[in-house]
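# Breakdown of the fold
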Amino acid sequence: MSLPYRKILCPVDFDENSIAALETAAEIARHFDATVYVLHTILLIIAPTSMPVYVDLYKAQEDTARRNLLELAHKHLAGIKYEIMVNMGEPAASILKAERGIGADLLVMSTHGRRGVSRFFLGSVAELVLREARCPVLTVRHNAPQKDLVGAWMTASPVTAQLDEKLSTIHAKMLEGGFRNIPVVQDGRVVAMLTEGDIRSFVGHFEDTTAKRAITQALVTVGPQTPVREAARIMRERKIDGLPVVEDGRLVGIITTSDALAAITSEG
Amino acid sequence: MDALGLASRLAKQNSATVYLLTVIGAPPAAATALPPVALNPDPEFEAACIRRLKAIAREKLAGVSHEIFVASGNAAPAILKLTAEQGIGLIVMGTHGRTGLKRFLLGSVAERVVRESPVPVLTIHPKAAG
């Protein structure tokens, strides 16, 4: 192992997690003028001892992997020295073999998010690599909105009502958008959620009632980083259908019971 | 090079601060039949840990901006908590440096930190070449 890093190995699996690792590898490579070795391992499913290896089949897979790697490198490693490598077999062994083969002095790889999405790094692969690698291993977490967080499911930039707005125009907005809840804002800050029920109790008085008068519920907000399950729990406990999503004091979205249901039913 | 040496060099290169943390472990739950109690480390032991960390810092972090922390309890949560509290951008740690059971335990700490850390984790095998 040596600083500065000259040879950086980055195993990838063509998913968004791997891209995060590749971009980190690129950043370090730029810093040290290093070469990035981008490695993809094709899982060898047929045991070579029990069945003949279908050379043609794997050849096609290898060609595809090579093409994909080139495309990735072209996109994320512009201006950086790189080499692409395709191995076949078991991923951990392949990574360790490559590490030794090229004499890598840094390995950059991604870990899956809280809900494992990358088959490549599930379970024993990352663990084996961490334990057995001779060079330091930098693990990077993919930071895009995670599938179980509000940010991934909310409706961004929702339609809002003003605190002194008449119920007639608010009602029209809700009808038009098919909303059952509308965040009420004042001076750019969300102050309440107005529900269909709140409005309904003023039927016949829409013209002379403002949002301020119709509000019945105390404001509860969540953030984009709140787990969807937590948002669902709040809505169930308080018997409400939607929550404003607030980040740094700013309204960034709204999450509803249907969003939460969609999120929860999509979990595999 | 060990984790501290690597952290020191990276910190020097990037004018960063090294947060040197040791975690005083709680006895494994299985080893005590007693109901769980809040275990506060012996203040004298804690003071000794701080002295030791200071000595290590003098030797290995000369000329590098650093801070010293002693926590108690389970190592992985303590590491992640300090990371969040101090807004740390990179965790550098050894995967395992001991033998037998300790080797296994240390490996599992690194593994948990790697799995749960929101920031990049640089792990280094103590026997790493160079």
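Before going into details, it helps to say that this report is about the structure given with it. Keep in mind it's a predicted model, so treat the numbers as computed, not measured.

### Some words on the overall build of chain B
Counting its regular elements, chain B contains 4 helices and 4 strands. The order of helices and strands in chain B, counted from the N terminus, is α-β-α-β-α-β-α-β. Expressed as a percentage of its 130 residues, the buried residues of chain B come to 26%.

### Remarks on the overall build of chain A
From N to C terminus, chain A includes 9 helices and 11 strands. The buried share of chain A, reckoned over its 268 residues, is 38%.

### Comments concerning the environment of A:Leu130
In this structure, A:Leu130 sits in helix α4 (residues 124-132). Through-space distance from the C-alpha of A:Leu130 to that of A:Leu107 is 9.6 Å; in sequence the pair is 23 residues apart. Those residues in contact with A:Leu130 that sit more than four places away from it in its chain are A:Val137, B:Thr95, B:Ala110, B:Glu111, B:Val114 and B:Thr123.

### What to know about helix α3 (residues 91-102) of chain A
All names here are of chain A. Across its 12 residues, α3 extends 16 Å between first and last C-alpha, which sits within 8% of the 16 Å expected from 1.5 Å per residue. Inspection of α3 places Pro91, Ala92, Ser94, Ile95 and Glu99 among the buried residues, and these make up the whole buried set. Taken end-on, α3 shows its buried residues confined to a sector of 165°, consistent with a single buried face. Just beyond α3, the residue with positive phi is glycine 103, at close to 65°.

### Focus: the interface of chain B and chain A
Each side of the interface is counted separately: chain B has 20 residues, and chain A has 18 residues. Taken together, the elements giving at least two residues each to the side of chain B that touches chain A come down to α1 (3-14), α4 (100-116) and β4 (121-124) of chain B. For the side of chain B that touches chain A, the element with the most residues is α4(B), which contributes 5 residues. Classifying every residue of the side of chain B that touches chain A gives 11 nonpolar, 6 polar and 3 charged. Two strands pair when backbone bridges link them, and strand β5 (residues 137-141) of chain A and β4(B) are joined in this way by 3 bridges, in the antiparallel orientation. Along β4(B), the bridge assignment pairs A:Leu138 with B:Leu122.

### Side note on the sheet that holds strand β10 (residues 242-247) of chain A
All names here are of chain A. Within the open sheet, the 3 strands sit side by side as β6-β11-β10. Their pairing is antiparallel. Both outer strands of the open sheet, β6 (155-156) and β10, are each paired with one neighbouring strand and no more. Two elements, β6 and strand β11 (residues 250-256), share 2 bridges in a ladder whose sense is antiparallel. Within β11, the residue paired with threonine 155 across the bridge is isoleucine 254.

### Here we look at the nonpolar core
Residue and element names in this part refer to chain A. Judged by nonpolar contacts, the single largest core of 60 residues is most densely connected at Ile8, Cys10, Val36, Val38, Leu107 and Val108. No other element matches the 6 residues that helix α1 (residues 16-32) contributes to this core. By size, the runner-up hydrophobic cluster in this structure holds 14 residues, among which are Leu149, Val150, Ala231 and Ile254.

### Things to note about the sheet that holds strand β8 (residues 181-186) of chain A
Residue and element names in this part refer to chain A. Spatially, β7-β8-β9 is the arrangement adopted by the 3 strands of the open sheet, whose pairing is mixed. Two strands close off the open sheet at either side, each with one partner strand: β7 (161-162) and β9 (189-195). Taken together, the 6 bridges between β8 and β9 define a ladder with antiparallel strand orientation. Among the inter-strand pairings, proline 183 is bridged to a residue of β9, identified as methionine 193. With respect to the sheet, helix α5 (residues 167-177) is in contact with β7, β8 and β9, its orientation differing from that of β8 by roughly 135°.

### Some remarks on the environment of A:Leu251
Residues and elements named next belong to chain A. In this structure, leucine 251 sits in strand β11. Leucine 251 sits in the buried class, given 20 other C-beta atoms within 10 Å. Sequence-wise, leucine 251 and glycine 188 are 63 residues apart; in three dimensions their C-alpha atoms are separated by 7.9 Å. Leaving out residues up to four positions away in the same chain, leucine 251 has contacts with Thr160, Pro183, Val185, Val190, Pro244 and Val246.

### Notes on unusual backbone geometry
Of all residues except glycine, most have a negative phi; of all peptide bonds, most are trans. Positive phi outside glycine occurs at A:Ser157, with the angle close to 45°. C-beta crowding within 10 Å serves as the criterion here: with 10 such atoms nearby, A:Ser157 is assigned to the exposed category.

Each value, and the rule that gives it
- Along each chain, numbering runs from 1 in the same order as the chain's sequence is written.
- The lettering of chains begins at A and the numbering of ligands begins at 1, in the order of writing.
- Whole-chain, interface and lining totals are the exception, using all residues; otherwise, since this is a predicted model, local features are given only for residues with pLDDT of at least 70 and side-chain atom pairs are given and counted only at 80 or more.
- Each helix is a run of DSSP H or I of at least 4 residues and each strand a run of E of at least 2, with the numbering of both proceeding from the N terminus.
- In this scheme the burial state of a residue depends on its C-beta neighbours within 10 Å: 20 or more other such atoms mean buried, 12 or fewer mean exposed, and anything in between means partly exposed; the C-beta positions come from the backbone.
- Whether two residues are in contact is decided by their C-beta atoms, placed from the backbone, lying within 7 Å.
- Given the number of residues in a helix, its expected span is that number minus one, multiplied by 1.5 Å.
- Here the arc refers to the set of directions running from the helix axis out to each C-beta atom.
- Residue polarity follows a fixed list, in which Ala, Val, Leu, Ile, Met, Phe, Trp, Tyr, Cys and Pro are nonpolar, Asp, Glu, Lys and Arg are charged, and the others, Gly among them, are polar.
- In short, DSSP must find at least two bridges between two strands for them to pair.
- To count as a nonpolar core, a set of buried Ala, Val, Leu, Ile, Met, Phe, Trp, Tyr and Cys residues must be joined through C-beta atoms within 7 Å.
- Helix axes are fitted only over the stretch in contact, all axes being lines through C-alpha atoms; the angle between N-to-C directions runs from 0 to 180 degrees.

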